[in-house]
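Each chain is listed here by its residues.
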Amino acid sequence: QVQLVESGGGLVQAGGSLRLSCAASGTIFSINYMGWYRQAPGKQRELVAVITNGGSTNYADSVKDRFTISRDSAKNTVYLQMNSLKPEDTAVYYCNAVTVTGETRVSHSWGQGTQVTVSS
């Protein structure tokens, strides 16, 4: 059983910055993947950024060069540094993790989400 808790959302002006955090807890043998998704009103949930075991990263084109994903393995925590925020970044941001929780078990976990609102 893995629980993800997000924090760091809020209201910022366009051009501002926020840093989101997601801490994973529970019985975790290893983390294969941690990432951030977002869902804006009336839109489908989309992948924003991902970091894999080994440190490989990937980003949606819309956030490339503005957002940076990183991980603190010792704390089972992933971060999303968001710079040069735009109104279109407004969404609920969700943390996702794929973790090994047993010899033959892989767990897919979601956080509850944190609201990011960017005003023009």
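Read on for an overview of the structure. Since we're looking at a predicted model, the values are computed, not measured.

Counting its regular elements, the chain contains 0 helices and 11 strands. Each helix and strand of the chain, placed in order from N terminus to C terminus, yields the pattern β-β-β-β-β-β-β-β-β-β-β. Taken along the three principal axes of its C-alpha coordinates, the chain extends 50 × 25 × 20 Å. Residue pairs in contact within the chain that sit at least 24 positions apart in sequence constitute 55% of those at least 6 positions apart. Taken as a whole, the chain presents about 6400 Å² of accessible surface, with 45% of it coming from carbon and sulfur. Between the averaged position of the 10 positive side-chain charges in the chain and that of its 8 negative side-chain charges there is a distance of 2 Å.

Another point: the side chain of Thr 77. Counting through the fold element by element, Thr 77 comes out in strand β8 (residues 77-82). Looking at Thr 77, the relative accessible area reads 7%, which means it is buried.

Attention now goes to the state of the cysteines. Two cysteines, two sulfur atoms, one covalent bond between them: this is a disulfide. Counting across every chain of the model gives 1 disulfide. The disulfide that involves Cys 22 links it to Cys 95, with 2.1 Å between the sulfurs. With the S-S dihedral at roughly -85°, the linkage between Cys 22 and Cys 95 falls on the left-handed side. Note that Cys 22 is positioned in strand β3 (residues 18-26) and Cys 95 in strand β9 (residues 91-100), a separation of 73 residues in sequence. Both residues of the pair, Cys 22 and Cys 95, belong to the buried class.

The buried fraction of strand β4 (residues 30-39) is high, at 7 of 10 residues. As paired elements, β4 and β9 share 9 bridges and run antiparallel to each other. Opposite Tyr 33, over in β9, you have Val 98 as the bridge partner. Looking at chain direction, β4 and strand β5 (residues 46-52) are connected through 6 bridges and run antiparallel. Residue pairing across strands places Tyr 33 opposite Thr 52, the latter belonging to β5. If you look at the hairpin formed by β4 and β5, you'll find 6 residues sitting between the two strands, and Gly 42 has a positive phi there, around 75°.

Spatially, 4 strands are ordered β1-β3-β8-β7 in an open sheet, and the strand pairing comes out antiparallel. Each having just a single partner strand, β1 (2-7) and β7 (67-72) make up the two edges of the open sheet. Shown here is a sheet whose adjacent strand axes are inclined to one another by a mean of 15°, direction ignored. In terms of strand pairing, β1 meets β3 through 6 bridges, oriented antiparallel. Residue pairing in the sheet places Leu 4 in a bridge with Ala 24 of β3.

At Asp 65, a position not held by glycine, the phi torsion is positive, near 75°. With respect to the helices, strands and loops of the structure, Asp 65 is situated in the loop between β6 (57-59) and β7. For Asn 76, which is not glycine, the phi torsion reads 50° and is therefore positive. When you line up the elements, Asn 76 lands in the loop between β7 and β8. Judged by its relative accessible area of 24%, Asn 76 falls in the partly exposed class.

The rules behind each value
Residues numbered from 1 in each chain as written. Predicted model: local features only at pLDDT ≥ 70, side-chain atom pairs only at ≥ 80, totals over all residues. Heavy atoms only, no water. Helix = DSSP H or I, 4+ residues; strand = E, 2+ residues; numbered from the N terminus. Contact = heavy atoms within 4.5 Å. Areas by Shrake-Rupley, 256 points an atom, 1.4 Å probe, with all protein chains shown as cover. Lys, Arg positive; Asp, Glu negative; His and termini not counted. Charge placed at Lys NZ, Arg CZ, Asp CG, Glu CD. Buried < 20%, exposed > 50% of the residue type's maximum accessible area, 1.4 Å probe, protein only. Disulfide = S-S within 2.5 Å. Pairing = 2+ DSSP bridges. Axes fitted to C-alpha atoms, helices over the stretch in contact; angles between N-to-C directions.

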